[in-house]
Amino acid sequence: MKFRSIILASTALMALPLVAQAAEELHIVNCGSDTEPQAPVQQKHIDEWVAENPDYTVRVEYLPWEQCQAKTLTLAAAGTPPAAAYMGSRVLKQLSASDQIVPIELSEEELASYEPSVISTVQIGGEVWGLPRAFSTKGLFWNKDLFAEAGLDMPEGPQTFEEMLTAAKAISEKTDAAGFGLPAADMDNTFHEFLNFLYSNGGQVVDADGNVVFDSPQNVETLAFYQELAKYSQEGPLAYERGGLEPLFKEGQIAMYTSYAAGRGKAEGVNFGVSLIPAGPQGEHSTLLITDSLVVFKGTGLEEPAQKLIKYLTAPERQAEFDKEGGWTPIRLGTDTDALIAEDPTWKPFIDAIPTGGPEPLMTDFVGMQDIAIENIQGVVLGELAPEEAATRIQEDLSALD
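Residues numbered from 1 in each chain as written. Predicted model: local features only at pLDDT ≥ 70, side-chain atom pairs only at ≥ 80, totals over all residues. Heavy atoms only, no water.

The protein appears in an unreviewed UniProt entry as Extracellular solute-binding protein from Paracoccus alkanivorans. One UniProt comment on the protein, placed under Sequence similarities (unreviewed entry), says "Belongs to the bacterial solute-binding protein 1 family." (UniProt positions renumbered as here; feature names shortened; annotations may be inferred.)

Quick look at the pairing of strand S2 (residues 56–63)
Of the strand pairs in this sheet, strand S1 (residues 24–31) and S2 are connected by 8 bridges, and their pairing is parallel. Residue pairing across strands places glutamate 25 opposite threonine 57, the latter belonging to S2. With helix H2 (residues 39–52) bridging S1 and the parallel S2, this β-α-β connection has right-handed handedness. (Pairing = 2+ DSSP bridges. Helix = DSSP H or I, 4+ residues; strand = E, 2+ residues; numbered from the N terminus. Right-handed = clockwise from strand over helix to strand, strands pointing away.)

Re the nonpolar core
Phe214 and Met256 are the most contacted members of the largest nonpolar core, which has 117 residues in total. With 8 residues, helix H16 (residues 366–381) is the single largest residue contributor to this core. When we break this core down by domain, the ones giving at least three residues each are domain 1 (24–135 + 290–349) and domain 2 (139–286 + 363–401). If sequence neighbours within four positions are ignored, methionine 256 has contacts with Leu140, Phe141, Trp142, Phe147, Pro158, Met164, Ala167, Ala168, Gly179, Phe180, Gly181 and Phe249. (Core = buried A, V, L, I, M, F, W, Y, C linked by side-chain atoms within 4.5 Å. Buried < 20%, exposed > 50% of the residue type's maximum accessible area, 1.4 Å probe, protein only. Domains from an automatic or database assignment. Contact = heavy atoms within 4.5 Å.)

So, the packing of aromatic side chains
Throughout the structure, instances matching the rule amount to 17 aromatic pairs. A centroid spacing of 5.7 Å and a plane angle of 25° characterise the contact between phenylalanine 141 and phenylalanine 272, whose relative ring orientation is stacked. Here phenylalanine 272 lies in strand S9 (residues 272–275) and phenylalanine 141 lies in strand S7 (residues 139–143), a separation of 131 residues in the sequence. Both residues of the pair, phenylalanine 141 and phenylalanine 272, count as buried. The interplanar angle of 55° and the centroid separation of 5.0 Å between the aromatic rings of tryptophan 142 and phenylalanine 147 together place this pair among those described as tilted. In this structure tryptophan 142 comes out as buried when scored by relative accessible area, which is 4%. Residue classification places phenylalanine 147 among the buried residues on the basis of a relative accessible area of 2%. Cluster of aromatic residues (ring-pair linked, three or more members): Phe161, Phe180, Phe194, Phe197, Phe214, Phe225 and Tyr226. In this structure, arginine 264 is placed above the aromatic ring of tryptophan 347, and the distance from its NZ or CZ to the ring centre is 4.5 Å. Between arginine 332 and the ring centre of tyrosine 114, over which it is positioned, the NZ or CZ distance is 4.2 Å. (Phe/Tyr/Trp six-rings, centres within 6.5 Å; stacked < 30°, edge-to-face > 60°. Lys NZ or Arg CZ within 6 Å of the ring centre and 35° of its normal.)

Right, here's the structure in full:
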């Protein structure tokens, strides 16, 4: 009886019409929160892509930044990676070196749509390993009233290292405020802050071939500038990360600090200006370019549709909408950025510095790199290390690291 039932059931199944193959799921890990203002825009674009590609569904898993990258790297190392992920571009060299992600194939036209400085944040060995998704630059915020109180005639703010030191010294001596807000805590933004000035003096951490070049004259000179600037900064700089400086600027306790474009909304009530990061003697106005990017993981069997999806999401018109909702510096320059500056001129320094900006240095052990740099920068800020000594130590330690 059981045997006959099985035969009948099998015959019945063969008679049924073929069932359509289920759509394959693309799992995307997104560092951040689905409550962020750009999240609905991204979901709208994903829904549009799925409508055009019905063989696939897309599941976005949002994870807090403090957990996201570690979990994604763990999944990849265990052989169960997501199809794609949105994460800090600083991890790209680690992922590419361990053969966990695939390079992104871009046409000449697609590549040319990015500023070379921006695409450099995701390039290793001549290949593009992620597509920039969120982007930030820095500007120098300065308190116009404190500059006037100190008798400083700098209508556009300090433009050079020398002018910045002059302003910081005068304000420290002639007002109740510190000249500059210097972040030097055990945080990544201590290294980021220094890189703003290093790039503005023509310095590098690694060259185009990946060689460590930290003991250059430009870098030693920038460390010397930093040590001098620390004399006119707030007390106890090692207790401050960048976010802790925002209330000091708003309360008039510091006259200058650097921040992202979003910092403009955190200085309400202050008569402030925003200028380009001052240029050093051997450089020009620059900034650290920080990107978060979309990457495609290897070994899922879904590499091709994942690439198509992230290229769709980052296409110029959709990326511009995403940038605007997120409040970030636009990833691509063009008519949209011109309109943005026309509407709000305070955007200008954040956009003008893009072509000359520099990336987060791409090293396999980016955490180790930051730790080495921060320890020595702190020594310079405290006056415990001479600039030449700090540059030599960083050069030797980073060379051994990578």
